[in-house]
Amino acid sequence: MFVAYVAVTLVASALYGLAAVANLIGHDYPKSQADKMRVSRSWMPLLGALLAAGALGLLAGFAVPVLGTLAAAGLVLYFLGALGAHLRVRDYHLGPWAMFFALAVAALAVNLAYRGFL
């Protein structure tokens, strides 16, 4: 179980870290998604900061387990909010969202399983 926990946590942290950087530097893809979801571009730094906090929190979970669990749970909630934004504008192209959400759920599941809660 330890190997799965480490692998999923590292992959999730790297992916969410890259997504955070894309939001924070103003890459075209997150900006186009924000426009499509009718989310103000002024929210992009905040959304990027939340993703960065999640990515760093997952890594911090190696040293302080509760931080990893909270970060994974926060990422699940973040992507549930993203689903709400997609559904609000009737955007049903959910492939990228599903991948990000599934990885957040996997990070939470392996974290809880490794800690003995599942």
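Structural data are supplied above this passage.
Parameters and conventions
Residues numbered from 1 in each chain as written. Predicted model: local features only at pLDDT ≥ 70, side-chain atom pairs only at ≥ 80, totals over all residues. Heavy atoms only, no water. Salt bridge = Lys/Arg side-chain N within 4 Å of Asp/Glu carboxyl O. Buried < 20%, exposed > 50% of the residue type's maximum accessible area, 1.4 Å probe, protein only. Helix = DSSP H or I, 4+ residues; strand = E, 2+ residues; numbered from the N terminus. Core = buried A, V, L, I, M, F, W, Y, C linked by side-chain atoms within 4.5 Å. Contact = heavy atoms within 4.5 Å.

Asks: It is not clear to me how the pattern of salt bridges should be interpreted in this structure. Could you clarify?
Replies: Oppositely charged side chains may form a pair once their charged atoms are brought near each other. For the structure shown, the criterion picks out 2 salt bridges. Two residues, D35 and R41, come together in a salt bridge whose shortest N-O distance is 2.6 Å. For R41, a relative accessible area of 42% translates into the label partly exposed. With a shortest N-O distance of 3.7 Å, D91 and K36 are connected by a salt bridge. Separated by 55 residues along the polypeptide, D91 in the loop between α4 (65–88) and α5 (95–114) and K36 in helix α2 (residues 28–36) bring together distant segments of the chain. Overall, the relative accessible area of 6% leaves D91 in the buried class. K36 sits in the partly exposed class, given a relative accessible area of 40%.

Asks: Can you walk me through the nonpolar core in this structure?
Replies: In summary, soluble globular proteins display a tendency toward joint burial of nonpolar side chains. Formed by 21 residues in total, the largest nonpolar core has its most connected members in A12, Y16, L51, L58, L75, F79 and A104. Mapped onto this core, the elements with two or more residues apiece are α1 (2–25), α3 (44–60), α4 and α5. In this structure, F79 is in contact with Y16, L51, W97, F100, F101 and A104, ignoring residues within four places of it in sequence.

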